[in-house]
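A look at the structure
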Amino acid sequence: GGGASPHGEVSSLVFTSEQPLRLAAFQDLFAWRQDRLARSGANSPLRHVIRAKGVVWFEESRGRRQLLHVSGRQRAELTDSGAWASRPSVALVFLGRGSAWEADKERLRLAFEEMASGTESSAPPPDRCVPCRGGEGDAEDEADGEAAAIALSLRAACDAVRADRRFELLGA
C-alpha cells in the first residue's frame, strides 16, 4: 500500500551563515557519534538526523573549505576541500524523520546559530594553540605569506582535532 511511513515523514533543516563556526563547539555537537554510550548522546539535537550535507567554514581555518557528509547514525565525515574559490560561508542541510526530529530541529538551529554568533571566544583554548615556528624569513612574496598563513591555520585546526580524542583525523 501507499501509506505513510510508521516513522513519520522526512523533513529538513537548512542552516546558512556568513559567519564562521567555532571548531570546538562543532566538535562538541558531533562528539556523541564517536561515543554512543555517552549520556550526552541521548539528548543531542543530532540524534534523529538521518542524513546531512553541506559546506562548513571554521573560525580556526578561515581560508579552508570543509565538506560535511553524515549518513545514518554511524558515519559523519568532514573533509578539507581546499581554499575557498568564492566568498566563505556555511551552508548545511539536515534531514530527519518523526516527531522527535521536529522537536530537535529548533535546538539544532539554535546550536548552529550560537556556534556562528561569536558570543564565545573564537580562539582555541591555550592548550590547543600551535606555537609559531620560524618567523624571520623574507616577507617579500605575498603569495608565500598567504600560503604560510593558510598552512598555520590548517595546522592549528588539525592540532585541535588531534587533541580531542573523540575524533580521528583522516588524511593528514
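Look a little higher up for the structure.
In this text, all values refer to a predicted model and were calculated from it rather than measured experimentally.

With that settled, the discussion passes to the pattern of salt bridges. All chains considered together, the criterion is met by nine salt bridges. Put simply, glutamate 77 and arginine 75 hold a salt bridge, and the shortest N to O gap is 3.1 Å. Relative accessible area serves as the criterion here: at 29%, glutamate 77 is assigned to the partly exposed category. Under the relative-accessibility criterion, arginine 75 is labelled partly exposed at 41%. The closest approach of N and O atoms between glutamate 102 and lysine 105, which form a salt bridge, is 3.2 Å. Separated by three residues within a single helix, glutamate 102 and lysine 105 lie in helix α2 (residues 99-117), roughly one turn from each other. A single salt-bridge network, built from bridges that share partners, covers Arg47, Asp104 and Arg107.

Below, the discussion takes up the environment of leucine 21. Structurally, leucine 21 is set in the loop between β1 (10-17) and α1 (23-30). Along the sequence, leucine 21 and valine 56 sit 35 residues apart, while their C-alpha atoms lie 7.6 Å from each other. Leaving out residues up to four positions away in the same chain, leucine 21 has contacts with Phe15, Phe26, Val56, Trp57, Phe58, Glu59, Glu60, Val90, Phe112, Met115 and Ala116.

Strands in a sheet are paired, the pairing made by backbone hydrogen bonds, and the direction either parallel or antiparallel. Strand order in the open sheet formed by five strands is β1-β5-β2-β3-β4, and the pairing between neighbours is antiparallel. Each edge of the open sheet carries a strand with a single partner, namely β1 and β4 (75-83). On average, each strand axis in the sheet is inclined to that of its neighbour by 10 degrees, with strand direction left out of account. Where strand β2 (residues 49-56) meets strand β5 (residues 90-97), six bridges bridge the pair, whose relative direction is antiparallel. When the bridges of β5 are listed, glycine 54 appears paired with leucine 92. On the sheet, α1 packs against β2, β3 (64-71), β4 and β5 and is oriented at approximately 10 degrees with respect to β3.

Quick look at the nonpolar core now. One finds Leu21, Phe26, Phe30, Val49, Phe94, Leu108 and Phe112 to be the most contacted residues of the largest nonpolar core, which totals 25 residues. Counting residues per element, the ones that place at least two in this core are β1, α1, β2, β3, β5 and α2. Counting residues per element, this core draws most heavily on α2, which supplies five residues.

The rules behind the values
- Residues numbered from 1 in each chain as written.
- Predicted model: local features only at pLDDT ≥ 70, side-chain atom pairs only at ≥ 80, totals over all residues.
- Heavy atoms only, no water.
- Salt bridge = Lys/Arg side-chain N within 4 Å of Asp/Glu carboxyl O.
- Buried < 20%, exposed > 50% of the residue type's maximum accessible area, 1.4 Å probe, protein only.
- Helix = DSSP H or I, 4+ residues; strand = E, 2+ residues; numbered from the N terminus.
- Contact = heavy atoms within 4.5 Å.
- Pairing = 2+ DSSP bridges.
- Axes fitted to C-alpha atoms, helices over the stretch in contact; angles between N-to-C directions.
- Core = buried A, V, L, I, M, F, W, Y, C linked by side-chain atoms within 4.5 Å.

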